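The primary structure of each chain is shown beneath.
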Amino acid sequence: MATDQPGDLDRTAALAVHREYAATLPAPPTEEPAVERFGDGAALADELIGLVLAGTKRATAALVVDFLDDGQPLPRIGGLWVACDGSGAPRCVLRTTELRLGPLRSVDDAFAWDEGEDDRTRESWLREHERYFRRTLPARGRAFSEDLEVVFERFRVVWPPEVAG
């Protein structure tokens, strides 16, 4: 049976991509970027990074408890992160442009559209994200709840130049 386990994130390559981007700036950033991938499996990560590179996906959502459980800070406006594919290879550098915390059901039509997944409606967004969180939370020893706080994050691609904008 085939596995959908994602590859290890190539942090060395990701930081090299970030350095390429930083070298184009008048004042390079002093903070190291986060190195992440979308989704919880290789196929989903590849699908979602493909939407980012195509210009369709310009938002993402994650649970606050995921950041807390991993000992990671929440994203911040202006923060940079290197998004990797399912194999762990860096594909682009993203800059966070907007953040909002709220319950899952507080998602609006515009955010669902900007996330670029499925048919881009709020209804499909809610259905698929609830399904995703119900699937991933048990591995963290947590149960799904309507009250879990979600980080609603919008971003733009800043590197490589051919997909930035």
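Scroll up for the structure.
The following paragraphs examine the structure supplied in this document. Keep in mind it's a predicted model, so treat the numbers as computed, not measured.

## Description of the overall build of the chain
Okay, so step 1: Looking only at helices and strands, one finds five helices and five strands in the chain.
Okay, so step 2: Beginning at the N terminus, the succession of helices and strands in the chain can be written as α-β-α-β-α-β-β-α-α-β.
Okay, so step 3: Scaling as 2.2 N^0.38, a compact globule of 165 residues should have a C-alpha radius of gyration of about 15 Å, and the chain matches this with 16 Å.
Okay, so step 4: With respect to the principal axes defined by its C-alpha atoms, the chain has extents near 45 × 40 × 30 Å.
Okay, so step 5: Residue burial in the chain is summarised as follows: out of 165 residues, 42% are buried.
Okay, so step 6: Considering only contacts within the chain whose residues lie at least 6 apart along the sequence, 70% involve residues at least 24 apart.

## Remarks on the sheet that holds strand 5 (residues 149-159)
Okay, so step 1: The sheet built from five strands is open, its strands ordered 1-3-4-5-2 with mixed pairing. Single-partner strands in this sheet number two, and they are strand 1 (34-37) and strand 2 (59-63). On average, each strand axis in the sheet is inclined to that of its neighbour by 40°, with strand direction left out of account.
Okay, so step 2: By the bridge criterion, four bridges tie strand 1 to strand 3 (residues 80-84) in an arrangement that is parallel. Residue Arg37 lies in a different strand from strand 3, and its bridge partner there is Cys84.

## Quick notes on the pattern of salt bridges
Side chains that carry opposite charge are capable of pairing whenever their charged atoms lie near each other.
Okay, so step 1: Counted by the stated rule, this structure contains 18 salt bridges.
Okay, so step 2: Measuring nitrogen to oxygen at the nearest pair gives 2.7 Å for the salt bridge that ties Arg135 to Asp40. Here the residue Arg135 occupies a position in helix 5 (residues 122-136), and Asp40 occupies one in the loop between strand 1 and helix 2 (42-54), the gap between them amounting to 95 residues.
Okay, so step 3: Residue class for Arg135 comes out partly exposed when judged on its relative accessible area of 46%.
Okay, so step 4: Between Glu98 and Arg154 there is a salt bridge; the shortest N-O distance is 2.7 Å. Here the residue Glu98 occupies a position in strand 4 (residues 90-103), and Arg154 occupies one in strand 5, the gap between them amounting to 56 residues.
Okay, so step 5: For Arg154, a relative accessible area of 16% gives the class buried.
Okay, so step 6: Several salt bridges share partner residues, and in doing so they unite Asp66, Asp69, Asp70, Arg140 and Arg142 into one network.

## A look at the packing of aromatic side chains
Okay, so step 1: Summed over all chains, the structure comprises eight aromatic pairs.
Okay, so step 2: Where Trp81 meets Phe155, the ring centres are 6.0 Å apart and the plane angle is 80°; that geometry is what we call edge-to-face. Taken together, the residues Trp81 in strand 3 and Phe155 in strand 5 connect sequence positions 74 residues apart. Accessibility assignment for this pair places Trp81 and Phe155 in one class, buried.
Okay, so step 3: Residues Tyr132 and Phe133 carry aromatic rings whose centres are separated by 5.6 Å and whose planes lie at 65° to one another, so their mutual orientation is edge-to-face.
Okay, so step 4: Look at Phe133 and you get buried, because its relative accessible area is 1%.
Okay, so step 5: Every member of this aromatic cluster is reached through a ring pair, and the members are Phe38, Trp81 and Phe155.
Okay, so step 6: A cation over an aromatic ring shows up here: Arg100 above the ring of Phe152, its NZ or CZ 4.2 Å from the ring centre.
Okay, so step 7: Here Arg120 stacks its cationic end above the ring of Trp113, 3.8 Å away from the centre of that ring.

## Concerning the nonpolar core
Okay, so step 1: Membership of the largest hydrophobic core comes to 17 residues, with the highest contact counts inside it found for Leu63, Leu104, Phe111, Trp125, Phe133 and Leu137.
Okay, so step 2: Those elements giving two or more residues to this core turn out to be strand 2, helix 4 (109-115), helix 5 and strand 5.
Okay, so step 3: At four residues, the largest contribution of residues to this core is made by helix 5.
Okay, so step 4: Discounting residues that sit within four places of it in the chain, Leu63 has contacts with Phe133, Leu137, Leu148, Glu149 and Val150.

Conventions and cut-offs
- Residues numbered from 1 in each chain as written.
- Predicted model: local features only at pLDDT ≥ 70, side-chain atom pairs only at ≥ 80, totals over all residues.
- Heavy atoms only, no water.
- Helix = DSSP H or I, 4+ residues; strand = E, 2+ residues; numbered from the N terminus.
- Rg over C-alpha atoms; globule rule 2.2 N^0.38 Å.
- Buried < 20%, exposed > 50% of the residue type's maximum accessible area, 1.4 Å probe, protein only.
- Contact = heavy atoms within 4.5 Å.
- Pairing = 2+ DSSP bridges.
- Axes fitted to C-alpha atoms, helices over the stretch in contact; angles between N-to-C directions.
- Salt bridge = Lys/Arg side-chain N within 4 Å of Asp/Glu carboxyl O.
- Phe/Tyr/Trp six-rings, centres within 6.5 Å; stacked < 30°, edge-to-face > 60°.
- Lys NZ or Arg CZ within 6 Å of the ring centre and 35° of its normal.
- Core = buried A, V, L, I, M, F, W, Y, C linked by side-chain atoms within 4.5 Å.

Functional significance is not addressed by these values, which are geometric in nature.
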